[in-house]
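Below are the chains, spelled out letter by letter.
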Amino acid sequence: TKRIALVLPGPITDGTFNSAANKGIEAAKKKYDIDVVVRENTDFAQIEDVLRSYAEDGFDMVIGHGFQFAEPVMNIHADYPKTFFVVNTAQVAAEPNVASFDNRWGDAGYLAGAVAALYSKTGKIGHVGAIPVPVIEQYNLGFERGAKRMKPETQVLSAYVGSFSDIARGAEITTSQIEQGADVVTSTGNENVIGTIQAAQKAKVLAIGTAFDSAAMAPETIITTALINMDVNIDLAVGKLIDGTLKPETYVLGINDGGIGLAPLRGFESKISAEDKARIDQLVKDLAEGKITDLP
Amino acid sequence: MTSDPSERVGFVALQAVTKRFGPVVANRSVDLQVGAGEVLALVGENGAGKSTIVNMLSGLFMPDEGRILMEGQPVRLHSPSVAVRAGIGTVHQHYMLVPTLTALDNIALQQTELGLGRLDRAALAARVRQVAADLGFSLDLDSRIDGLDVAQQQRIEIVKSMMHAVRLLILDEPTAVLGADDRRHLFEVIARLKGQGTAVILITHKLEDVFAIADRAVILRGGRVVAASRVADLTAAAIVAHMVGTADSGKAEAIATGSHRRGGAPAGATAVCRVRGVTLRRANGSVAVSGLDVDLNAGEILALAGVEGNGQSELVACLAGMSRPYGGTIESLGERSDGRRWGAARLRALGLRHVPEDRRRYGIVGPMSLARNYLLGNQDRPAFFRWGLVKTRRLRDAVAARLAEYQVVAPGPETPMQNLSGGNQQKTVLARELGADTRILLAAHPSRGLDIKTIRFVHSVLEEARAKGAAILLQSSDIDEIMAVADRVIVFSDGRVFGPAACDTLSRAQLGSWIAGHQEVTP
Amino acid sequence: MTRLNRPEVYGIVFVVALVVGAILVAGANPFEVARAAVQRALFTRAGFLEALLRTVPLTIMGLGIALSFRAGVFNIGMDGQLIAGSALAVALAPWLPGGAAGIALFLALGIAGGAAWGGIAGLIKARLGGNEIITTIMLTYVATQLLSWLVRGPMQEKMRIIPRSDPIDAALRLPVIVEGTRIHAGFLVAVLAVVATAFVVRRGRYGFKLDVVGQNASAAAYAGMNPAAIAGMVLAVSGGFAGLAGAVEISGVYGRLQEGFAPGFGISAIAVALVVRLNPWLVPVSALGFSLLYAGLGSVAQKALVPFPLINIIEGAVVFLFLAASVMPARVPAGAKSDG
Amino acid sequence: MDEILFVSAVLAAGIRLATPIMLAALGETLGQRSGVINVGIEGIMLVGAFVAVLGAVETGSPWAGLALAMLAGAAMGAIHAYFSVVLKAEQIVAGIALLFLGIGLSGYGYRLTLGASGTAAAIPGFRPLDVLGLAGVPGIGPILFGQQALVYLTFAAAIAMAWMFSSTRLGVIVKAVGEYPAAAASAGIGVDRVRFACVSVGGALAGAGGAFLSIAHLWGFVEGMTAGRGFLAIACVVLARWSPLAAIAVALLFGIADALQIRVQSMMPGVPYQFFVIAPYLVAIAAVGIGSRTAMPAALGKPFRPGGR
Ligand SMILES: Nc1ncnc2c1ncn2[C@@H]1O[C@H](COP(=O)(O)OP(=O)(O)OP(=O)(O)O)[C@@H](O)[C@H]1O
Ligand SMILES: Nc1ncnc2c1ncn2[C@@H]1O[C@H](COP(=O)(O)OP(=O)(O)OP(=O)(O)O)[C@@H](O)[C@H]1O
Ligand SMILES: [Mg+2]
Ligand SMILES: [Mg+2]
C-alpha cells in the first residue's frame, strides 16, 4: 500500500481548481491500492511545514497542487529521498524525487476562445480571471488567440477579480462585460467561476466553462467546457508511482494525453452553422496533430 | 442606635450594615435612619464611608452584613431600578447624565412607564416642566447635557429623581459645585420637599449646610457612626471633634472656624504672567470673556470668582497652556501665547502647576497606580527618569512621602487611583501639583470635595507657596474661601469682568453683587 | 471561588459541546483529534519547531499591537504594514552590503516601510482626526493589491513566470542558529524586541505616555502631552514592528517577496496581545500558545481526521476558551472591585 | 456605450454590491451604538449565507431561507454577546473567535448538507422585482424599480433604525447604554440586557446580509464567499459616524466605486488591474481624511461593571 498526500491551497468544495484535484485522487483511490490524505486550505506560509511533516511521516508521494508548491518542494526534497514530490500545475523537476505535471492551459484557452468567437453575435467575448497567476495568464492569452483565429475582428475583453473566492464580484465583473456587449463569457479561478456562470445565466448570454464539465450547472447557458483535466494529472502521477515509471521530470499534458479537451456541445450544435461546427472539429484535430503554431 | 434622640420611626433605616472592599471596611456596622419630612446630614472626613452608604441605598451595592428597612420592612435593593421603584431618588455627586443626550432624553431614560416605542417628547416635556415648576426651576430641556453648566445639570438630576413619587431623596455633596445663589435655591427646594413629607439625606463637607437645612446629623469616622444627633444640639466644633476624633475642643474650634491670615501682595510685586486684551471662547464658539487685562504677581494669591460657565475654566485652561487665547496675548514665565513653544509641556517645565477643575477628566488616570499618577505632568522632569526609564524606587519613595504629608488614606503608592475616595483623589492631585519649585500655580477649586480639616490644610499649603514666591490663581466659587486666603479677586460675570480688587478693601456684599453681575451693592 | 454555576463555565461547556458534537457528527473521535493536535504541537520535534518558527513574527507583531492598543489606537492593519515593510526591504536589497550590517539594514528597511505605511494612517489620525480602524483596514487592502502588482510587474523575477521576486542575496539571509532546524537569528531579534518593548512599556517615559493617552486622553493633554500626535506616532511605531516581522520572515525563511507569506498574522497578533492584556512580557508566551495551536490544528488537518472547516470551528472554540479562562481570575464578587 | 445606460448600470450594480455590506453595517451600527464592537460579523455573514441557501432549498422558499439566516445570525450574535457582555471578555478577541467559528460552521454545515451531494442543488433564490412594471424604463428603471425585495427592505430597515434612534425611547436607551452605561444603569436599565439584545439583532441583520449574497445576488453558497465584506461593513460604520442612514450611504459609495472600477478595468486593459481594485479603498481613505473627528460611542468596547466607574 502506497501512502499519498495531496496538499491543496483551497477547499475541496470550490467547484473548480481544488475540487478537480480531489476528484483525481478519488479516482486514483478506486483504481489503486493506496492510502490517501487530503490537506485543504494550506496557506503559503505553511507549505514547507506541511510537506515536511508528510515526508517525515513516511508518505511515499506528496502532491502539491499549485505553482506555489514548486519552490518549497525544491527546498526540501533532498532531505527526504524516500518520498516522491509532485507539483501539479507547475513545471519543475529535480533528481531524484521531484516531478511536475502541468496542463496546457493555453491550449484550453485557445479552444475556448475559438468557440466563443464563433458563437458570439456581437463580436465581443469576455474572460474574467481570478488573479493573474501564470496558468490563468496563459489561458487568457490562448483565449484571445483562439478567438482571433476564428474571427480576427473579435474583440476580447479581459478583467481580473483580485480574489479567487469573491463570487459576487466575479459575477459583477461578468455583468459589466455583458453590458459592454460581450455575449459569450468564460472565466478562470476558483469560486469566482461560479459567479461568472450565474451572471451569464441571469443575463441570458452564453458561457464557456473551464476545467470541469460544468454543463449541468446551467444547461441553457454553458455551450461547452474547455476541459483542464487536473484530475488526470493526479491519476497519472499515482499510476506512474505504482508501476514505477514516475521520473523526475515535467509532464505537460495536452489534448492527446487527456490533459485538456473540449466537452461536447450538448444542445448547442444547432446554434451555429454546420460550417462553423466543422471548423471547431477541425481545430481540435489540428491541435491534436500539433499543427497550430500560435499557441501560447 | 441609642444616641438618636429622635422619636420618629425611621422611614428608611440601615441596621448594622457593613460593607467591605477587599481589606478596606468602608462601612462598619452602621445604624442610621431618616424619617419622612426629615433632612438628615451625613458628614465625615474623606473616605469615611458616606458615598458607600449612598451607593447601597441607590441599589449599586448590596451590604455585606446587616439590612436595610423601609417602613420597617426589610428590602433588597439589588439594582438601581429596584431603588427607583421603591421611591428612592439619588443625585450622585458625579451626575448620572448622558452627556451626549438632551436633558429631556436623559429624563426619558428613567421613565419606564413610557414603554420603548415612540417618545412623545412634547407630552413628557410638559410633565417635566410641571415637576420643575413645583420645585421652582426653569429648565432648558433641549440642550445636550455637555452644553449645560453644573447647576443646570444638578437641577435636571433633581427633576429626574422627582419624576416618580420620591419618598427619599439622597444628595451626595450637592453644594460642592454650587455658587451661593444656586446653593440658596437648592435649600429652598429641599425645604419645600421636606414640607411635602419627603425624607432627604444630604451629604456635605460644609458645616454651614448642616446648620442651614438639616434636622439631624450623622457623623461617620472610619466607616463607623460616631455620633447621631439633632442639629440643634450640635455646634460646629462638636461636629469637627467627632469627625476627626479629637477631644481637644480648641483644635476642633480652630478647624471649624478657620484662621484668617493674609500676607501676600508685597509692594512692587513682579508679574510672572501678563494677560493683555485676551478674548476667550467657549467650546461651542461663543465669546466668554473679551479684552481681559490682568497680572499674576509672584507672592500673591489672586482669586478668580464668578458663577460657573463665565469663562473662568477657559481662562485657566489657557493659562495652563492647554489652548491659545482667541484674541490678545498672554506672556507667562517668558513664553508668549503666540509663540511656537507655547504649550502645557513648556510652561510646566518652567514651573507652572495646575490643579484642574475637573479632576476625573483631567487630573487623574483612574486605573493607574498612585505612583504613576504622580508622574502625570512630571513626565519630562529629569528627577524621575534615567535614559527614558522611570527610577521606580525613587518615585515610589517620593510619592509615599508626599502621600503621608497630605494624609492620603491609601494602602500605598501602588494602589490604583480609582480605589480612593473622591476626597483622597483630590488630595493626591494637590500633593502632586503643590511642589516646592512652583512659580505659577493654577488652582481650580482645590478644596472641592475635601473635608473641612483637609481644606484648612490646603489653605495653609497655598499660603506657604505664596510665602515662597509662587503666583497663585485660585479659581473658587466659595466666597468664604476667597476671603480667607486670597489677596486680590477678579470676577467674571456674564461677559463682564469686575476687579481685580484687593480683598482687604472689598466687602463680602460687594463681592457677592459682582458675582451676581451688578457693579454696585444692591440694597 | 469554586462555585460551578459561574457564567464562564456555561460558556466553556457550550463551546466544548459544540466542538465535540461537530467532531462526532463528522464520524471522528474527539479524543483522537485532541491527541493528534497535542501530540504534534508539544511532543514532536518538528511540530514544536514549526510553532517556534511562527512564534517569531507573531511575537514581534504582538508587541506592536500591545503598544498601539495601550494608547487606545486600534491598528487593525498590520498585514498591510508587514507587506509594505517587506516590499521596501526586498526592493532595496540589491544595494545593501552583505553580512551583519546588510542584514541590519535590511531589517531597518522593513521597519521603515512598515512605519511609513502605518504612518499614513497615523498622519490622517493626528492631522485630520481620521479614525484608524478604517484607514488601517483600507490600507491593508491597498497593500495587498499593490503587492500583487509588484510581484507581477516591476519586482517580478527575471524569468517572469511566477509572481514573486528574485531571491535576495544569500548574504542578507538571517543565519540559522540551531543546527538542523530552521530556527534563525530572527528569534534573537524577537527576544530583543520583547525586552526592549517591555522596558519601554513598564518603565519607560514613552510607555507611560502611551498609557495615559490610552486611558485618559484629556489627562494627557492636561499633563502637557499631545495626545493626537502620540496616537498618530504609535501607528507608525507599531507599523514598524509589523514591517520588522515581515523583513525577518523574508530574511529568515522565504528569501524573497511573494504573496500570502504571512496570512492573517495581523489579526492573530491582535488576539495574541489582547489575551495577555497587552503585557509585553507575556506576548511571546501567548504567541507561542497560538503557534502551538496552529501547529496542532495543522496536524489535525494533515491527518485529515476531520473535514477542514471543522478545524476553523476548533480554532474559534479554542480562542473562546482562552477568553473564558482569561476572565475567570478577573471576576471576583460583584462590587468588590471596579475595572482596576 | 450610452452614458445614461452606463451610469444606470453602475448604480444598479453598486446597489447590488453594497446591499450585503449595508445590512451588515446596520447590524454593526446597532451593536456599536450599544457599546459592543463585533469584528466577527464576517463570520456571521457566512453563516447567514449558508443557512439561507439551506433553508431555501429545504423549504422551497427564499423567504424562509432569509428568516432562518436571520435567526442563525442572531444566534451567532448571541454567542458574541455572551462572551463580551456577560463574561465581559475582550470584545475584539471574542469577535476574532466568532469569525473563525463562522467560517468553520458555514463550511462544515455546507459539506454536511448541500455540499455532500457534489452537485449543485437547484436553489429557489430571490428574483429582482419589477415594481409597478417600471423596471424596464431605461436609466432609472433598473435602479429604482428593478432591485431585489431585500434591497428595499434594507433601506426600510435603515430608516426604521434611524427613526428608532431619533424618536423612540428604545433609541434613547441604546444610545445611553453605549455612551454612559453607569447613567443608564442608575436609571434602572439593564445595561447588559440591552447590549445583548442589540448585538443579537445586529447579528440577525448581518445574517440577512449573508443571505443576500447567497440567495439574491447569487444563488449558491461557497466557502468564504463574503470575501472581506464584514470588515468593510465595520469601516462603513465608523466612517458613517455611527449613523444608520449614513452607513447606508457609505456602503453605497463603496458599492458604486467598486462597480465603477470593475467597468473601467475592462475599458483600460493597459493599466494593471490592481490599481482599479484599490480604488474603492482609496475613496474610503480620502473620505476619512475629509470627514473630521469621530462621534464614537464613549463606552464602545468597554464592558460595564456596575459599581465601578
Ligand atoms: N468600589 C469600591 N471598591 C473598593 N474600595 C472602595 C469602593 N468604594 C469605596 N471604597 C473605599 O471605601 C472607603 C469609603 O469610601 P467612600 O467613597 O464611601 O468615602 P466618602 O465618605 O464618600 O469620602 P469622600 O468624602 O472623599 O467622598 C474608602 O476608603 C474607599 O477607598
Ligand atoms: N477601591 C475602589 N475600587 C473601585 N472603586 C472605588 C474604590 N474606591 C472608591 N471607588 C468608587 O469611586 C467612588 C469614589 O467615591 P467618591 O467619594 O469620590 O464619590 P463622590 O463622593 O461622589 O465624589 P467626590 O467626592 O470625588 O466628588 C466610590 O464611591 C466608589 O464607587
Ligand atoms: Mg464620597
Ligand atoms: Mg467625595
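Here, the structure is the one placed above.
Small disclaimer: the values here were computed from a predicted structure and weren't measured.

Draft legend 1. Structural view of a nonpolar patch on the surface. Residues and elements named next belong to chain C. On the surface, a nonpolar cluster with roughly 500 Å² of combined accessible area is contributed by Val191, Val195, Phe199, Trp281, Leu282 and Val285. When residues in the nonpolar patch are grouped by element, the largest group, three residues, is from helix 7 (residues 186-203). Within the element layout of this structure, phenylalanine 199 appears in helix 7. Residue phenylalanine 199 is classed as partly exposed on the basis of its relative accessible area, which comes to 34%.

Draft legend 2. Main features of the interface of chain C and chain D. With 55 residues of chain C at the contact, the number on the chain D side is 51 residues. Viewed at the interface, chain D and chain C are joined by zero salt bridges. In this structure, the connection of chain C to chain D is made through five residue pairs in polar contact (both at pLDDT 80 or more). For the side of chain C that touches chain D, the elements supplying multiple residues, two or more each, are helix 1 (7-25), helix 5 (99-128), helix 6 (132-150), helix 11 (265-275) and helix 13 (308-327) of chain C. It is helix 13 of chain C that contributes the most residues to the side of chain C that touches chain D, 13 residues altogether. In terms of residue class, the side of chain C that touches chain D is made up of 39 nonpolar, ten polar and six charged.

Draft legend 3. Here's a closer look at unusual backbone geometry. In the segment running from glutamate 95 of chain A into proline 96 of chain A, the intervening peptide bond is cis, with an omega of -10 degrees. Unusually for a residue other than glycine, threonine 89 of chain A sits at a positive phi of about 55 degrees. Considering the arrangement of structural elements, one finds threonine 89 of chain A in the loop between strand 4 (84-88) and strand 5 (98-103). Classification of threonine 89 of chain A as buried rests on a relative accessible area of 4%. One non-glycine residue, alanine 16 of chain B, lies in the positive phi region at around 50 degrees. Mapped onto the secondary structure, alanine 16 of chain B falls in strand 1 (residues 12-21).

Draft legend 4. Looking closely at the sheet that holds strand 4 of chain A. All names here are of chain A. In spatial order, the strands read 2-1-3-4-5-11; together these six strands make up an open sheet with parallel pairing. A single partner strand is all that each edge strand has here, and the edge strands are strand 2 (34-39) and strand 11 (250-253). Looking at each pair of strands side by side, their axes are set apart by 15 degrees on average, direction ignored.

Draft legend 5. Spotlight on the packing of helix 4 (residues 105-119) of chain A against helix 9 (residues 274-289) of chain A. All names here are of chain A. Running from amino to carboxyl end, helix 4 crosses helix 9 at an angle of 170 degrees, the nearest separation of the two axes being 10 Å. Taken together, helix 4 and helix 9 sit at an angle that is classed as roughly antiparallel. Between helix 4, through Asp107, Tyr110, Leu111, Ala114, Val115, Leu118 and Tyr119, and helix 9, the contact on the second element is made entirely by Asp276, Arg279, Ile280, Leu283, Val284 and Leu287. Broken down by class, the residue content of the contact of helix 4 with helix 9 amounts to ten nonpolar, no polar and three charged.

Draft legend 6. Representation of the sheet that holds strand 10 (residues 222-228) of chain A. All names here are of chain A. The six strands lie next to each other as 7-6-8-9-10-12, forming an open sheet whose pairing is mixed. Bordering the open sheet on either side are strand 7 (155-160) and strand 12 (260-262), each of which pairs with just one other strand. Across the sheet, the mean angle separating the axes of adjacent strands is 20 degrees when strand polarity is ignored. Direction of pairing for strand 10 relative to strand 12: antiparallel, over a ladder of three bridges. Pairing of alanine 226 across the sheet is with leucine 262, part of strand 12. Across the sheet, helix 6 (residues 167-179) is in contact with strand 6 (124-129), strand 7 and strand 8 (184-188); its angle to strand 6 comes to roughly 165 degrees. Against the sheet, helix 7 (residues 192-203) contacts strand 6, strand 8, strand 9 (206-211) and strand 10, and its axis sits at roughly 170 degrees relative to strand 8.

Conventions used here
- Each chain has its residues counted from 1, running along the sequence as written.
- As a convention, the first chain written is A and the first ligand written is 1, with the rest following in written order.
- Given that this is a predicted model, residues contribute local features only at a pLDDT of at least 70 and side-chain atom pairs are listed and counted only at 80 or more, while totals for whole chains, interfaces and linings are drawn from all residues.
- Heavy atoms from the whole structure form the basis of all side-chain values; hydrogens and water molecules are not counted.
- Two distance rules govern patches: like charges are joined within 9 Å, and nonpolar side chains (Val, Leu, Ile, Met, Phe, Trp, Tyr) within 5 Å, applied only to residues with over 30% relative accessible area and no salt bridge.
- Accessibility throughout is a Shrake-Rupley quantity obtained with a 1.4 Å probe, and a residue counts as covered only by protein chains that appear here.
- When a carboxyl oxygen of Asp or Glu is within 4 Å of a side-chain nitrogen of Lys or Arg, the pair counts as a salt bridge.
- Here a helix means four or more residues in a row that DSSP labels H or I, a strand means two or more in a row labelled E, and each is numbered from the N terminus.
- When accessible area is computed with a 1.4 Å probe and restricted to protein chains, residues below 20% of their type maximum are described as buried, those above 50% as exposed, and intermediate ones as partly exposed.
- When checking whether two residues touch, look at their non-hydrogen atoms; a contact exists if any pair is within 4.5 Å.
- Polar contact is defined as a pair of N or O atoms within 3.5 Å, subject to the rule that within protein one atom must be able to donate a hydrogen and the other to accept it, and that residues adjacent in sequence are counted only when both atoms are side-chain atoms.
- When residues are grouped by polarity, Ala, Val, Leu, Ile, Met, Phe, Trp, Tyr, Cys and Pro land in nonpolar, Asp, Glu, Lys and Arg in charged, and all others, Gly among them, in polar.
- The rule for pairing is simple: two strands pair if DSSP sees at least two bridges between them.
- Axis lines are fitted to C-alpha atoms, over the contacting stretch for helices. Their N-to-C directions set the angle, which ranges from 0 to 180 degrees.
- Our angle categories are set so that under 35 degrees counts as roughly parallel, over 145 as roughly antiparallel, 65 to 115 as roughly perpendicular, and the remainder as oblique.

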